Amino acid sequence: MLGIDTDAALVQKHSDIFTHTAVADCTDPEVLRQLGVGDFPSVVVGIGIGTDIEASVLVASNLLEENVPNIWAKAISRQHGQILERLGVHHVVLPEHEMGERVAHLVTGRMLDFIEFDDDYALVKTITPNAITGVPLGQSAVRTKYGITVVGIKRPGHDFTHATAETVVEKGDVIIVTGKTTAVETFTELA
């Protein structure tokens, strides 16, 4: 594993994490060639602290030119992320934005945990609403009525287990549900 940065102190600080480190400017395509970055199967571009969007875009572009097969890049804004996606970066991560959305979902509702996949699909851990307690999930019609699927259940004092059509959910159970984000949000607000 190779770690590269222009800041020598930062490289030194994290040198025990990496097999190899280098103090170098990755905005220079020749530097990447000399370091053999194109031979790595995956590369992470972690530039983004502050407002150095230009450096992030240049490094990502250089990595694409080196045909790195799997590029992960941190974006500091949606616009920055869109630029990276247009360049062809394989995985764009907006950590501050994604964490902000997750926290907003947790604070404003009955969700215990929230993970959104893409822009319109989510997996949520929540307390069972009364609307589906006491009957097998197959009979509660959660898929047709609420547009969600219950995939797991945890009773107090027990481990999580897979939910089936025969599973009867009781008051106080914690469930894992999945579906379109809006459907999951609506379902978790049921009393």
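Quick note: structure is the one above.
Residues numbered from 1 in each chain as written. Predicted model: local features only at pLDDT ≥ 70, side-chain atom pairs only at ≥ 80, totals over all residues. Heavy atoms only, no water.

## Some remarks on the packing of aromatic side chains
Phase 1: For the structure on display, the rule yields one aromatic pair.
Phase 2: Consider the rings of Tyr146 and Phe187, whose centres lie 5.5 Å apart with planes at 65°: the pair is edge-to-face. Of this pair, Tyr146 sits in helix 7 (residues 142–146) while Phe187 sits in helix 8 (residues 181–188), and the two are 41 residues apart along the sequence.
Phase 3: Residue Phe187 is classed as buried on the basis of its relative accessible area of 1%. (Phe/Tyr/Trp six-rings, centres within 6.5 Å; stacked < 30°, edge-to-face > 60°. Helix = DSSP H or I, 4+ residues; strand = E, 2+ residues; numbered from the N terminus. Buried < 20%, exposed > 50% of the residue type's maximum accessible area, 1.4 Å probe, protein only.)

## Considerations on the sheet that holds strand 4 (residues 71–74)
Phase 1: The parallel open sheet is built from three strands, whose spatial order is 3-4-5. The open sheet has two edge strands, strand 3 (43–45) and strand 5 (91–93), and neither has a second partner. Adjacent strand axes in the sheet meet at a mean angle of 15° when their direction is disregarded.
Phase 2: Inspection of the sheet shows strand 3 paired to strand 4 by three bridges, in the parallel sense. Paired with Val45 across the strands is Ala73, a residue of strand 4. (Pairing = 2+ DSSP bridges. Axes fitted to C-alpha atoms, helices over the stretch in contact; angles between N-to-C directions.)

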